[in-house]
Amino acid sequence: MKLKRENLTSQFVREESIAFSCRHNAGHLAPSLSSVEILTILFREFLHFNTENPRDLSRDRLVFSKGHGCYAYYVILNALGFIPDDVFYSFGTESSVLKGCVSYTPEFMLEASTGSLGHGLPIAVGMAQSFKMQGKSNKVVCIIGDGEMQEGSNFEALASAYRFKLDNLLIIIDANDLSAMDRLEHIGLPNDTLSRILRAYVDEGCFYDINGHNENALRKAYKHFFEDSKGLSIIIARTIKGKGVAMIESNAKYHYRCPLQDGFVWQDKAKVKLIECQTSHTATATHIHLNTHKNITMSKIQSLATKKQVMDALYPYFASDEKMVLLVGDMGFAVLDSYFIQFSHRVFNVGIAEQAMVGMAAGMYLGGLKPIIYAQIPFLSMRAYEQIRYDVCEHSLGVIMVGVGADNYFKALGRSHCMDSDDIRLMEILPQLQIVSLDENGVKMTLTQYFDSKNLSSPPPPLYIRSI
Amino acid sequence: MFGHITMQKNPQHFVLQISILMLVCLRRCRMYNAALDIRKEILSIANRAKSPHIGSALSCADILTLIYGEILYLPYASESEFKNRDIFLLSKAHSAMALYASLHHYGYMSKEQIEGYYCNGGTLPAHTDKTSSPYIEMSAGSLGHGLPIAVGMAMSIIGQKNAQGHQRKVVVLMGDGEVQEGSVWEAAMFAPKQNLAHLIVLIDRNDLQGYGRASELLSYEPLEQKWSAFGWECKRVDGHNIELMKESIMTHCLSDTNKPLALICDTIKGKGVGFMEDKLEWHYYLVSDEVYHNALKELR
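Quick caveat: nothing in here was measured; it's all calculated off a predicted structure.

A. Inspection of the overall build of chain B at higher detail. The helix and strand inventory of chain B stands at twelve helices and five strands. Taking 300 residues into account, the globule formula puts the C-alpha radius of gyration at 19 Å, and chain B, at 20 Å, falls close to it. Dimensions of chain B, computed from the C-alpha atoms along their principal axes, are close to 60 × 45 × 45 Å. When the 300 residues of chain B are sorted by exposure, 57% land in the buried category. When contacts within chain B are restricted to residue pairs at least 6 apart in sequence, long-range pairs at least 24 apart make up 73% of them. In chain B, 29 positive and 32 negative side-chain charges are present, and the distance between their average locations comes to 4 Å.

So, in structure tokens, the structure goes:
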């Protein structure tokens, strides 16, 4: 499939993105559909690139920071010939170069690895500043999700971007008002607030708050940036998550769920079959590979307690102790439902802000509560490592941290979401911390002991429970 | 105020008002003297220990004088009411000298403790350590940690009253350089929705951080607009005018808002000692005996 850039249409990209998701039973369809127009107009009319050479030095750079919602992005790159068909259709298999979250592959014009949120903007600011310093005219565009704007790193980067007067940087917020779990207004950053905040970061005339599905509005804003930029530019593109597929539109349930699973009828069955053959073929190959090299990891994955088992084991303690609070890093569908329903007054979705989540948990413990943290392992153990070391461990606070996705459980999502068992090595450095990496029964027994010892005089240690 | 008094016909009222005025003056005078004493103590500590960060400590001396003198409800640790105290967190913990000097001035720390500052085998480190005293609420020194912790603390004490029947407060003092840390904004985003009117954030805006002017390094201004945009109640005051700061905080505490307060206090780094004022180098320079004596002269 190869298309001239001027023939790209939003309709085509949207249909192909849906097909892509259905073909591979891939979950992040809704976040991909909200940025269809944003990407299409950008690639069709404005971004400077060379279809013959993806590494052309004069190309503009697109940093796709909401790395999970990448299907429309992949579809466009495939249509323009940057991502070859065999790679494109083998998405989702173990051996595939194309990952569930954007992974740095310059030959496909994938400019930066993203997927761990809040990483794209600092990278884009660095790129833009380096072009500026070298006197180059390349432009940098960074597309960020609105949920992602909860990450403090974005605000660290924004301050620098303004200071460097980066008139070659365009920041687009795909404001679909939904993060993985919830409406953003419930977490603390509704789009209107976000718009007000970002306005304070740029000069007059460089800020656009527009409908992100309106091609003309997008075109006008892009034109202003690409042809007559006065400074750091920000577009708040108000979009609808899942735009185009009625059953998933603005529905938080479908952040990571292919609508096929719920009876969505997708026409193109022939393609599915073709791909099924391909997938099963590669899957066997991988299986062998795993058996020979990764035996230990495999068995570990199977025996580790699942997140549901861990949270269920914690539930009775949580239910009987009004002092326990749960802080959630914007995840936990199906696993934490009962917590959210039964104890809404002491369960908080803190949003995508791991550093602050750990800091706040420390504060809560110091203030007399008993917090539990629930977050993905890489973002908890690495992004908030300093807070874990200093705020929790150096104070020896009995904060319970539940890490989800141990031992590459989320490998389909790419390297951003998995770190082998390196989290153990990181956490081992902290002498106060107890690490629990056990199966369901092991976790239950540990918790019994842990909560027993609380009745004794010694304060409980911080606990790190790994789960898949 | 004088104009108002002369208009009163009733001599009883006149006497009453005069006495109120004298009380206010007395109090103002007392706060002024307290701030002066604390500044002297800071200089003496810095001179004895030969430790850096004198500029940062002097810049927040008035703020700390106010907080410990008028704002916090803080019984001694030996009293049973101590558990219902108000909480103060010094997030810009490199100004620990100012904290120790204030605690000493108001009788929470002994002379011996202060003398163990910044020396081998001593009692008080240059950045705060929670275990060193019951009045030190958190270990700090890595910037950007104070606000998230304060938000957590404030959430955990919602509804708890101190002996005076007021909601327990959490007050946190941050530096303006520190406001660049992303964790600050993560917490700032989260707090306004949680009914934390008893959370008060003070920003010591002296516009000089470790290696430059904050306003030149980054575009963190307009600070007021940013905090307001995040949903905070935000005010900007002269951080050396104790009366004004007190009025802003009191107005907030007495109002029925459910938003937390961010008070941006415009200060001068090294305030009080002319040759240190607004000079970057006094973030690091040590206070030698000669400097100490010259500085004391300037303070008077």
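B. View of the overall build of chain A. A tally of regular secondary structure across chain A gives 19 helices and eleven strands. Computed over its C-alpha atoms, the radius of gyration of chain A comes to 23 Å, within 12% of the 23 Å expected for a compact globule of 468 residues. Counting all 468 residues of chain A, 61% fall into the buried class. Within chain A, residue pairs in contact and separated by at least 24 positions form 77% of the contacts whose partners lie at least 6 positions apart. A total of about 18,100 Å² of accessible surface is found on chain A, and carbon and sulfur atoms cover 52% of it.

C. Quick look at the pattern of salt bridges. Here the structure, examined in full by the defined rule, presents 40 salt bridges over all chains. Between Glu45(A) and Arg44(A) there is a salt bridge, with the nearest N and O atoms lying 2.9 Å from each other. With relative accessibility at 32%, the residue Glu45(A) sits in the partly exposed group. For the salt bridge of Asp174(A) with Lys66(A), the shortest nitrogen-to-oxygen distance reads 2.8 Å. Here Asp174(A) is found in strand β3 (residues 169-175), whereas its partner Lys66(A) is found in the loop between β1 (61-64) and α4 (71-79), with 108 residues between them in sequence. Taken together, the shared-partner salt bridges in this structure form one network comprising Arg205(B), Asp207(B), Glu224(B), Arg236(B) and Asp266(B).

D. Summary view of the pairing of strand β5 (residues 261-266) of chain B. Residue and element names in this part refer to chain B. β5 sits mainly inside the fold: five of its six residues count as buried. Pairing of strand β4 (residues 233-238) with β5, which is carried by six bridges, proceeds in the parallel orientation. Opposite Glu-233, over in β5, you have Leu-261 as the bridge partner. On the question of chirality, the crossover connecting β4 to the parallel β5 by way of helix α11 (residues 242-254) is right-handed.

E. Expanded view of the nonpolar core. Within the largest apolar cluster, 101 residues are counted, with the highest numbers of intra-cluster contacts made by Leu147(B), Leu199(B) and Trp227(B). Element by element, the count of residues in this core is highest for helix α15 (residues 354-366) of chain A, at eight residues. Excluding residues that lie within four positions of it along the chain, Leu199(B) makes contacts with Ala150(B), Val151(B), Ala154(B), Val170(B), Val172(B), Ala191(B), Trp232(B), Pro260(B) and Leu261(B). Counting residues in each nonpolar core, the second largest holds 61 residues, with Leu8(A), Tyr74(A), Leu80(A) and Leu170(A) among its members.

F. Fine view of the confidence of the model for chain A. Of the residues in chain A, 91% reach a pLDDT of 70 or more, and the chain-wide mean stands at 86. Within the model, pLDDT remains below 50 along residues 269-299 of chain A, and this stretch shows 16 contacts once partners closer than five positions in the same chain are excluded.

G. Structural context of the interface of chain B and chain A. With 38 residues of chain B at the contact, the number on the chain A side is 42 residues. Summed over both sides, the interface between chain B and chain A buries roughly 3,100 Å², with carbon and sulfur atoms accounting for 65% of that surface. Contact with chain A buries surface across chain B, with Glu186(B), Met189(B) and Phe190(B) losing the most and accounting together for 20% of the total. Our enumeration of links across chain B and chain A arrives at zero salt bridges. For the pair chain B and chain A, the number of links is nine residue pairs in polar contact (both at pLDDT 80 or more). Elements supplying a minimum of two residues to the side of chain B that touches chain A: α7 (146-156), α8 (182-190), α9 (214-217) and α10 (223-229) of chain B. Among the residues forming the side of chain B that touches chain A, the class breakdown is 17 nonpolar, 14 polar and seven charged.

H. Spatial organisation of the packing of helix α1 (residues 10-24) of chain A against helix α3 (residues 36-46) of chain A. Residue and element names in this part refer to chain A. Where α1 meets α3, the closest approach of the two axes is 9 Å, and the angle between their N-to-C directions is 130 degrees. Accordingly, the angle class assigned to the pair α1 and α3 is oblique. Helix-helix and strand crossings are classified by hand; for α1 and α3 the assignment is right-handed. Residue-level contacts link Ser-10, Val-13 and Arg-14 of α1 to Val-36, Glu-37 and Thr-40 of α3. The class makeup of the residues in the contact of α1 with α3 is two nonpolar, two polar and two charged.

About the cut-offs
Within each chain, residues carry numbers counting from 1 in the order of the written sequence. Labels are handed out in written order, letters beginning with A for the chains and numbers beginning with 1 for the ligands. Residues qualify for local features only when their pLDDT is at least 70, as the model is predicted, and side-chain atom pairs are given and counted only at 80 or more; totals for whole chains, interfaces and linings, by contrast, use all residues. Excluded from the side-chain calculations are hydrogens and water; all other atoms, namely the structure's heavy atoms, are used. In DSSP terms, a helix is any run of H or I states spanning at least four residues, a strand is any run of E spanning at least two, and both are numbered starting from the N terminus. Values of the radius of gyration come from C-alpha atoms, whereas the globule rule sets the reference at 2.2 Å times the count of residues to the power 0.38. Buried residues are those whose accessible area, probed at 1.4 Å on protein chains only, stays under 20% of the maximum for their type, while exposed residues exceed 50% and partly exposed ones sit between those limits. Residue contacts are counted whenever heavy atoms from the two residues lie within 4.5 Å of one another. By the counting rule applied here, Lys and Arg register as positive and Asp and Glu as negative, while His and the ends of each chain are not counted. Throughout, a charge is located at the NZ atom of Lys, the CZ atom of Arg, the CG atom of Asp or the CD atom of Glu. Only the protein chains shown count as cover for residues, and the accessible areas themselves come from Shrake-Rupley with a 1.4 Å probe. For this analysis, a salt bridge means a side-chain nitrogen from Lys or Arg found within 4 Å of a carboxyl oxygen belonging to Asp or Glu. For two strands to count as paired, DSSP must find a minimum of two bridges between them. For the handedness criterion, the strands are oriented away from the viewer, and a crossover whose path from the first strand over the helix to the second runs clockwise is classed as right-handed. Among buried residues, those of type Ala, Val, Leu, Ile, Met, Phe, Trp, Tyr and Cys that are joined through side-chain atoms within 4.5 Å constitute a nonpolar core. Note on scores: pLDDT gives the predictor's confidence for each residue, bounded by 0 and 100. Buried area adds together the accessible area that both of two parts lose upon being put together, with accessible area traced by a 1.4 Å probe. In protein, a polar contact requires one atom able to donate a hydrogen and another able to accept it; more generally it is a pair of N or O atoms within 3.5 Å, and residues adjacent in sequence count only if both atoms are side-chain atoms. The classification used treats Ala, Val, Leu, Ile, Met, Phe, Trp, Tyr, Cys and Pro as nonpolar, Asp, Glu, Lys and Arg as charged, and all other residues, Gly among them, as polar. Structural elements are reduced to axes, namely lines fitted to C-alpha atoms, with helices fitted over the stretch in contact, and the angle between N-to-C directions of any two is expressed from 0 to 180 degrees. Angle categories are assigned with fixed cut-offs, so that under 35 degrees is roughly parallel, over 145 is roughly antiparallel, 65 to 115 is roughly perpendicular, and the rest are oblique. The sense of a crossing depends on the near helix, which, turned anticlockwise from the far helix by less than a right angle, makes the crossing left-handed and, turned clockwise, makes it right-handed.

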